[in-house]
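Next come the chains, spelled out residue by residue.
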Amino acid sequence: MLAPSLSLPHPNTGYVENILYQKDVGSLECCEIKDGKVPVVCSVVFFNYLIAQKLLAFHVKPPLDACTYMGLDSGEPPIQLSLFFDVMLPMATGVTETDFVNGKWSRNATPNDPESQRRMKKARSLLWKELGGYKMWACLVESGQFHYLSGEAQDHKRLIQNCPYQTNFSETAFTWSNRTHSYIESSCKVDENSTIVNSALYGNVTVGGKTVVSCCKIRGNVTLGKDCYVAGLKVETVKKTITIDDSMVVQSFNVHLRTLGITREILTIHGRYDKIQVPYWKSSSTFCNMPMVVWMTKTGIVKEDLWGTDVENEDQSMFQAKLFPILHATDSIGLEDLLWIQGAVPDEDRTRFKRWQSSWRLSMKEILSFVNAEQELQCRREMFYEVKKEEISDALIQKLHKGFHPIYNSAGIDGFSISILEKLDSVAKTSQNDPGVAARTLANIADVLGSKAGLKGGLRSGPAANKAWAKAFNLLENKELERGVTALAKERSKWLDRPDLLVRAARHYEGAAQILIRQAVMTAKEYFKPESCSMPFMNKWVTALCPARIDVSGGWSDTPPITYEHGGAVTMVALQVKGKHPVGAKAKRIDEPKLVFVIYGNDGDNTEVICREISDLEDYYQPYSPGALLKASFICADIVSLSSPKSLRDQLMEGYAGGFEVHSWSVLPQGSGMGTSSILAGAVMAAVLRASGKSCDKKGLIHAVLYLEQLLTTGGGWQDQVGGLMGGIKIGLSEAKLPIAVEAVDLKVSDEVIQMVNERLLLIYTGKTRLARNLLQEVVRNWYARNPNIVETENALVVLAQECAHGFIDGDLRKVGSCLDNYWSMKKILAPGCETPIIAKLMAAARPFAYGMCMAGAGGGGFLYVLTKDKNQKHLLLDILGTVEGTEGKEVYECSVDREGLVLTVED
């Protein structure tokens, strides 16, 4: 045995009894386990806090201090200790103090002089005193195996390809894959029995069966034969095919040339079966899998070229042969020179031989002694990120649900952020025809910048309107994607020096992504196709009235970009509040060619906005500017064109013989969470379209609102307008694709079930505006990062919406209530903090009386709706909620299911 063996832990105590070393078979019988083998120490040792403290204290305790520089610098002669047989052995239960102190079990060669033996005995006495009172456990990996790695390539290759733990030995078995962290282009021909590790293969690359490729980047016409081992090879595009014969070992090493003070890459080659440390003149000696005589004849190399006269015959092996060229006075050294050594490249005029002969060459022994370990690790790290960049690119282009936040964090630490940013720039530029992919890519750039900033730099959410980024944003708005991405990257290069600048740059990349999200969602206009109809008479009102809606299950799955990347399903109920439609708008033509907008306030304070010039409409995209929604509706309905050379007056007179007056209102509190802003947009569009002599069905209006809200730059999904425009109890559905196509399915809930809902549904305004600030931005950021919790929750939301729909169809209100509770739990995952203390108090008080409950919209405030267990419990519950401390501002609203949805009337 070359490794220490443990005696089995005592069957009663479980403690290790002894550690044995190179004992005969008879002595090892006490270590035998049930399969006839013995456990071997694998050098993984854990010391608890107390033991670690004692070990640290030894540096000031003679003679153990002689194991450290403290003792040596004090003039003490050094002492050599063994981790297992000196430090750990005192803690073995089967070892006595006398045997240990006298060195019975020691494996260290102690000098024979009495003084050295005395000092070692004193050291062991101290070790026993300090550690002998402790015991140690051993963790036995029963199906594990111990393998020694020889110096031969075939043994190394066999261990890589035939992992000893690939068979299942427990419930959490190790699974071996012959494709590990690698990128292989579809054009490559890679045998399924080959093993590719931390490598990237591009172009016309062929890999034979049972070949191992490790830490390589190969691009071009390269053929690797069967049964090879290739490590660290870097090949850029080559026109003619390069072939490595079967059963060859090709390796790249970074060697430090001390005389020149530089590190250079050097390639080596030999056969897989070669025993390169055997003297060349022995009959068993081969090179490149050929007898030495055959290889020398093939290449023209003679022994004087390989070994100097000062090398003894016994040392004249291929391991010490000056074989591998590293520098030439006039020519570059490349892979073809290595293949010539293999004997695979013709050399009729002996040009390659002469270049080889006149090159500075190193032996394998010298190469291994000169290896720059730091550069070797760096090359492997570079290869790791090369593969990751391709994986990221594929995930973005193929729209896979993969996240790379850990990689971005690692890249920030390892110094590879810039390289990843450049790759993401390339992906974004090539996504001209898919704004969804481009938007996700820009959001990933924001994540890279945020990761590079680390924990410094401030909050990720914040403003993104610095003028320095305006040029790039304008290019993106004009759909000049490639130029826009280039301009973003140019500006980004000025913001990389400090964490605060990195975070601010990340905010602007998220702002840029929002531009592309808007462009992606605007494709929904394809399903908005109004038709001409008779125009109402002048000064005749067209009125649109709509219910509000509550989302019962599935919300957030309708939100871009989630809805077009994942697909959405939301079950919702349209509600009249206090017996009325709470949302409405009316529009009429007027004689004067102008636009008059009146926005009703809940407090009776109305706002009037008059537009006489095109310039008066140009702030339509600023959501908080007066009348922004009404202005955007005229642009969305193609009544007014901002790009037309004609004045507003001329456009209105030529098309409609006058102007328009539009009024809009919502009687629900702002921030109610009941979808009033989107539903109001639908009402306004319906009224304005009809007043201008156009008609559109409700499905078209749903998509028109999606487009309109992108013009407003407010974002938003589709569930609100589905609930408010379609009415009743519906499930809205959309597939993971662009253009966004929304379907609203009527669940055909019976009159009896609707009556049960009306009798049990309690609508409570909490007195607080719902949580909105930065919430959408946070959810979208987590979605783009493909946070596993977010992806799983989105999957669950869609399933839950369908379960809830069946609950309504079956009249199972208990199931509907359970869906409400599960839905609220999912909202809290997506938007942590949306359950405020006041909301928690209200829900706790209502819990005993409720099938389920949820906050409308995103949560954090607005309306709470409760589905009570019994129709007679509503008033009782109101009394109980009235006693909840801190909820004095709440208000209860009467509500009932609205079956019609949008009601559009034209004044006679």
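Calculation criteria
Numbers given for residues are sequential positions, taken from 1 along each chain in its written order. Only residues with pLDDT of 70 or above have their local features reported here, since the model is predicted, and side-chain atom pairs are shown and tallied only from 80 upward, although totals for entire chains, interfaces and linings are computed over all residues. Just so you know, side-chain values use all the structure's heavy atoms and leave hydrogens and water out. A helix here means a DSSP run of H or I that spans at least four residues, while a strand means a run of E at least two residues long, and both kinds are numbered starting from the N terminus. For this measure, only C-alpha atoms enter the radius of gyration; the expected value for a globule follows 2.2 Å times N^0.38, where N is the number of residues. With a 1.4 Å probe rolled over the protein chains alone, any residue whose accessible area is under 20% of its type maximum counts as buried; one over 50% counts as exposed, and the rest are partly exposed. Residue contacts are counted whenever heavy atoms from the two residues lie within 4.5 Å of one another. Here the accessible surface of atoms and residues is derived via Shrake-Rupley with a 1.4 Å probe, and residues count as covered only by protein chains that are part of the display. Any N or O atom pair separated by 3.5 Å or less is treated as a polar contact, with the protein-specific requirement of one donor-capable and one acceptor-capable atom, and with residues adjacent in sequence counted only for side-chain atom pairs. DSSP calls a pair of strands paired once it identifies at least 2 bridges connecting them. Patch definition: residues above 30% relative accessible area lacking any salt bridge, with like charges linked at up to 9 Å and the nonpolar side chains Val, Leu, Ile, Met, Phe, Trp and Tyr linked at up to 5 Å. Salt bridge, as applied in this entry: a Lys or Arg side-chain nitrogen positioned within 4 Å of an Asp or Glu carboxyl oxygen. We treat Lys and Arg as the positive residues and Asp and Glu as the negative residues; His and chain ends play no part in the count. We put the charge of a Lys on NZ, of an Arg on CZ, of an Asp on CG and of a Glu on CD. To obtain an axis, a line is fitted to C-alpha atoms, over the contacting stretch when the element is a helix, and the angle between two such axes runs from 0 to 180 degrees between their N-to-C directions. With respect to orientation, any angle under 35 degrees is reported as roughly parallel, any angle over 145 as roughly antiparallel, any angle of 65 to 115 as roughly perpendicular, and every other angle as oblique. Left-handed describes a crossing in which the near helix is turned anticlockwise from the far one by less than a right angle; the clockwise case is right-handed. Two aromatic rings, drawn from Phe, Tyr or Trp (for Trp, its six-membered ring), form a pair once their centres lie within 6.5 Å of each other, and the interplanar angle then sorts them: stacked below 30 degrees, edge-to-face above 60, tilted otherwise.

Let us look at the overall build of the chain. Each helix and strand in the chain was counted, giving 30 helices and 37 strands. Relative to the 2.2 N^0.38 estimate, which gives 29 Å for 908 residues, the radius of gyration of the chain is 38 Å and therefore markedly larger than a compact globule would have. Projecting the C-alpha coordinates of the chain onto the three principal axes gives extents of approximately 115 × 80 × 55 Å. Residue burial in the chain is summarised as follows: out of 908 residues, 51% are buried. The long-range share in the chain, meaning contacts at least 24 apart out of those at least 6 apart in sequence, stands at 65%. Within the structure as shown, the chain displays about 42100 Å² of accessible surface, and the carbon and sulfur contribution to it stands at 51%.

Moving on: the side chain of arginine 781. Note on placement: arginine 781 falls in helix 26 (residues 775-784). There is a polar contact of 3.3 Å between the side chain of arginine 781 and the side chain of serine 461. Residues contacting arginine 781, with those up to four places away along its chain left out, are Asp447, Arg460, Ser461 and Glu510.

Let's shift gears to the sheet that holds strand 5 (residues 189-190). Taken together, the four strands give an open sheet; going across it, the order is 5-8-11-14, and neighbouring strands pair in parallel fashion. At either end of the open sheet lies a strand with only one pairing partner, and these are strand 5 and strand 14 (242-244).

For strand 33 (residues 850-855), a buried count of five out of six residues is recorded, marking the element as mostly surrounded by other parts of the structure. Bridge count between strand 33 and strand 34 (residues 863-868): five bridges; the pairing is antiparallel. Bridge pairing links glycine 852 to leucine 867 in strand 34.

On the surface, a cluster of negative charge is made up of Asp24, Glu29, Glu32 and Asp35. By the secondary structure assignment, glutamate 29 is in the loop between strand 2 (19-20) and helix 1 (49-57). For glutamate 29, a relative accessible area of 56% corresponds to the exposed category.

Two packed helices can be described by the angle between their axes and the distance between those axes. Between helix 13 (residues 405-414) and helix 15 (residues 435-453), the least distance of the axes is 8 Å, while the angle of their chain directions is 45°. Judged on the interaxial angle alone, helix 15 and helix 13 are oblique. Handedness of the crossing formed by helix 13 with helix 15: right-handed. For the pair formed by helix 13 and helix 15, the contact residues are His405, Tyr408, Asn409 and Gly412 on the first element and Asn444, Asp447, Val448, Ser451 and Lys452 on the second.

Here we come to the sheet that holds strand 10 (residues 217-219). Read across the open sheet, the four strands follow the order 4-7-10-13; overall the sheet is parallel. Every interior strand has two partners, whereas the edge strands, strand 4 (183-184) and strand 13 (234-235), have only one. Contacting strand 4, strand 7 (200-202), strand 10 and strand 13, helix 12 (residues 373-397) crosses the sheet at an angle of about 60° to strand 7.

This brings us to unusual backbone geometry. Omega for the peptide link from proline 62 to proline 63 comes to 0°, which places this bond in the cis form. The linkage connecting leucine 738 with the following residue, proline 739, adopts the cis geometry, with an omega of -5°. For proline 739, the position within the fold is in the loop between strand 30 (729-734) and strand 31 (742-746). Despite not being glycine, aspartate 227 has its phi angle at roughly 60°, a positive value. Note on placement: aspartate 227 falls in the loop between strand 11 (222-224) and strand 12 (229-231). In this structure aspartate 227 comes out as buried when scored by relative accessible area, which is 15%. Notably, serine 247 is not glycine yet its phi reads approximately 60°, a positive angle. Considering the arrangement of structural elements, one finds serine 247 in the loop between strand 14 and strand 15 (248-257).

To continue, consider a nonpolar patch on the surface. On the surface, a nonpolar cluster with roughly 250 Å² of combined accessible area is contributed by Leu260, Ile262 and Trp360. Inspection of the secondary structure assignment puts leucine 260 in the loop between strand 15 and strand 16 (262-271). Judged by its relative accessible area of 45%, leucine 260 falls in the partly exposed class.

Further remarks concern the packing of aromatic side chains. Two numbers describe a pair of aromatic rings. These are the distance of the centres and the angle of the planes. Applying the stated criterion across every chain, the model contains 19 aromatic pairs. Centre to centre, the rings of tyrosine 385 and phenylalanine 416 are 4.4 Å apart; their planes meet at 15°, and the pair counts as stacked. Residue tyrosine 385 is found in helix 12, and its partner phenylalanine 416 is found in the loop between helix 13 and helix 14 (417-429); the two are separated by 31 residues along the sequence. Note on tyrosine 385: relative accessible area 2%, which makes it buried. Consider the rings of phenylalanine 634 and phenylalanine 660, whose centres lie 5.4 Å apart with planes at 65°: the pair is edge-to-face. Here phenylalanine 634 is found in helix 20 (residues 628-636), whereas its partner phenylalanine 660 is found in strand 28 (residues 659-666), with 26 residues between them in sequence.

It is worth spelling out the pattern of salt bridges at this point. Going through the model one piece at a time under the given rule, you end up with 44 salt bridges. Between glutamate 510 and arginine 781 there is a salt bridge, with the nearest N and O atoms lying 2.6 Å from each other. Of the two residues, glutamate 510 is situated in helix 18 (residues 499-521) and arginine 781 in helix 26; the sequence distance between them amounts to 271 residues. Each member of the pair glutamate 510 and arginine 781 is classed as buried. Of the charged contacts in the structure, one is a salt bridge between aspartate 619 and lysine 631, with a shortest N-O distance of 2.7 Å. Taken together, the residues span a long stretch of sequence, with aspartate 619 in the loop between strand 27 (607-611) and helix 20 and lysine 631 in helix 20 at a distance of twelve residues. For aspartate 619, a relative accessible area of 22% corresponds to the partly exposed category.

Of all ten residues in strand 24 (residues 568-577), ten are buried, a share of seventy percent or more. Across the two faces of strand 24 the burial is the same, with Gly568, Val570, Met572, Ala574 and Gln576 and Ala569, Thr571, Val573, Leu575 and Val577 all buried. Note: strand 23 (residues 548-553) against strand 24, five bridges, orientation antiparallel. Across the sheet, aspartate 551 pairs through a bridge with methionine 572, a residue of strand 24. Both strand 24 and strand 30 contribute to a ladder of six bridges, which runs antiparallel. The residue bridging alanine 569 from the neighbouring strand is leucine 733, located in strand 30. Sheet analysis places strand 24 next to strand 36 (residues 895-897), joined by three bridges and oriented antiparallel. Across the sheet, residue leucine 575 finds its bridge partner in strand 36, namely valine 897.

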